[in-house]
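# What the coordinates show
For reference, the chains in residue letters:
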Amino acid sequence: MIRVRVLIGVLLAGLVSAGCQPPNYVRFVSPYKDFVCDVPWGWAVYLDSSGSDFTSATFTGPLEPEFYRGTPSFSVRWYANYAPHALLGASPETYANADDFTRQMLADVYGPEAYTKAESDFDQQYQLSQGKSTPDTKRIRVSGVEAVNYIVYRTLPAPKGVNLGVVQDGQGGAVIRQRHAYVLIPVSGGFYVITYPATREGYEKYKPQFINLVKTFKLLKEGPAGPAAH
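Residues numbered from 1 in each chain as written. Predicted model: local features only at pLDDT ≥ 70, side-chain atom pairs only at ≥ 80, totals over all residues. Heavy atoms only, no water.

The antiparallel open sheet is built from three strands, whose spatial order is E1-E2-E14. If you trace the sheet from one side to the other, it starts and ends with strand E1 (25-29) and strand E14 (218-219), each paired once. Sheet topology places strand E2 (residues 35-40) next to E14; two bridges connect them, and they run antiparallel. Counterpart to Phe-35 in the pairing with E14 is Leu-219. Along the sheet, helix H3 (residues 203-216) makes contact with E1, E2 and E14, crossing E2 at roughly 160°. (Pairing = 2+ DSSP bridges. Helix = DSSP H or I, 4+ residues; strand = E, 2+ residues; numbered from the N terminus. Contact = heavy atoms within 4.5 Å. Axes fitted to C-alpha atoms, helices over the stretch in contact; angles between N-to-C directions.)

Now the structure itself:
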């Protein structure tokens, strides 16, 4: 994790000192060699895993006041079906498949106040036939695989002392207006989840970069320990 961050910093410094214009994106190769994608140049990368059952790559950008705690981010996570794992400081979680992930997230994480919305962020090349399900989702194609795309909206009270990514609700209260985008890619044995946990105020700022990450996402294997992707 530290090595990745230092490497990006050195590359930026070298380009700036040479008077070169840095590119908009850099190709990220999963340490498990199961996928590649393009992420914004200069963003930090944090890696986490519990063997081949769960892996996570989180990309964080520069300080942006419109985002919660000032941190824009994308993440790519792999979940093996029916494999329990625990995130740092959280209870163990297990998902039967991608549909079960959505069901549990909406029920247990976001709650009844949240709602999903299928939006046209992706052009027709990536969208599949119509036919929405409940919750409101859109079917798209990612790396040749039929995937599910949706955005979760929720408004919740801001924690005390947090100012970044917070707005006033007009009634004297401070709130966070979440706009979290999801792309779920099911494969044999598990599924990938690409997320962009933004606020309504910040979402548009890095929407092009999120769409580019999804469009350049290419499966090399079906999971860290899975077979080669077709």
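Turning our attention to the packing of aromatic side chains. Inspection of the entire model under this criterion finds 25 aromatic pairs. On the basis of an interplanar angle of 25° and a centroid distance of 5.0 Å, the ring pair of Trp-43 and Phe-74 is categorised as stacked. With Trp-43 in the loop between E2 and strand E3 (44-49) and Phe-74 in strand E5 (residues 73-80), this pair connects stretches of sequence that are 31 residues apart. Phe-74 matches Trp-43 in its accessibility class, with the two residues each being buried. One aromatic cluster is present, built from ring pairs that chain together Phe-54, Tyr-79, Tyr-95, Phe-101, Tyr-110, Tyr-150, Tyr-182 and Phe-191. (Phe/Tyr/Trp six-rings, centres within 6.5 Å; stacked < 30°, edge-to-face > 60°. Buried < 20%, exposed > 50% of the residue type's maximum accessible area, 1.4 Å probe, protein only.)

The next point concerns the environment of Val-26. Counting through the fold element by element, Val-26 comes out in strand E1. The partly exposed category is assigned to Val-26, whose relative accessible area is 25%. Setting aside residues no more than four positions away along its own chain, Val-26 makes contact with Cys-37, Asp-38, Val-39, Pro-40 and Trp-41.

For the rest of this paragraph, the subject is the pattern of salt bridges. The tally for this structure, following the rule as stated, stands at seven salt bridges. The partner of Arg-139 in a salt bridge is Glu-146, and the shortest N-O contact between them spans 2.9 Å. You can call Glu-146 partly exposed: its relative accessible area is 38%. When salt bridges that share partners are traced, they join Arg-179, Glu-204 and Lys-207 into one network. (Salt bridge = Lys/Arg side-chain N within 4 Å of Asp/Glu carboxyl O.)

With that out of the way, let us pick up the nonpolar core. Membership of the largest hydrophobic core comes to 37 residues, with the highest contact counts inside it found for Phe-59, Val-183, Ile-185, Tyr-192, Ile-194, Tyr-196 and Phe-217. Among the secondary structure elements, those contributing two or more residues to this core are E2, strand E4 (54-60), E5, strand E9 (138-142), strand E10 (145-157), strand E12 (174-187), strand E13 (190-199) and H3. With six residues, the top contributor of residues to this core is H3. In terms of nonpolar packing, the next biggest core, distinct from the first, is built from 15 residues, Tyr-79, Tyr-150, Leu-184 and Phe-191 among them. (Core = buried A, V, L, I, M, F, W, Y, C linked by side-chain atoms within 4.5 Å.)

Counted residue by residue, E2 has six buried out of six residues, so it is predominantly covered. Sheet analysis places E1 next to E2, joined by five bridges and oriented antiparallel. From the neighbouring strand, Val-26 faces E2, where its bridge partner is Val-39. Linking two consecutive strands that pair antiparallel, namely E1 and E2, is a turn of five residues; a positive phi of about 55° is found at Lys-33 within it.

A few words now on H3. Helix length check: H3, at 14 residues, gives a terminal C-alpha distance of 20 Å against a target of 20 Å (1.5 Å per residue), a fit within 8%. Of all bends in H3, the biggest is about 25°, found at Gln-209. Tyr-203, Tyr-206, Lys-207, Gln-209, Phe-210, Ile-211, Leu-213, Val-214 and Thr-216 are the residues of H3 that are buried. (Expected span 1.5 Å × (residues − 1). Bend = angle between axes of the 7 residues up to and from the residue.)

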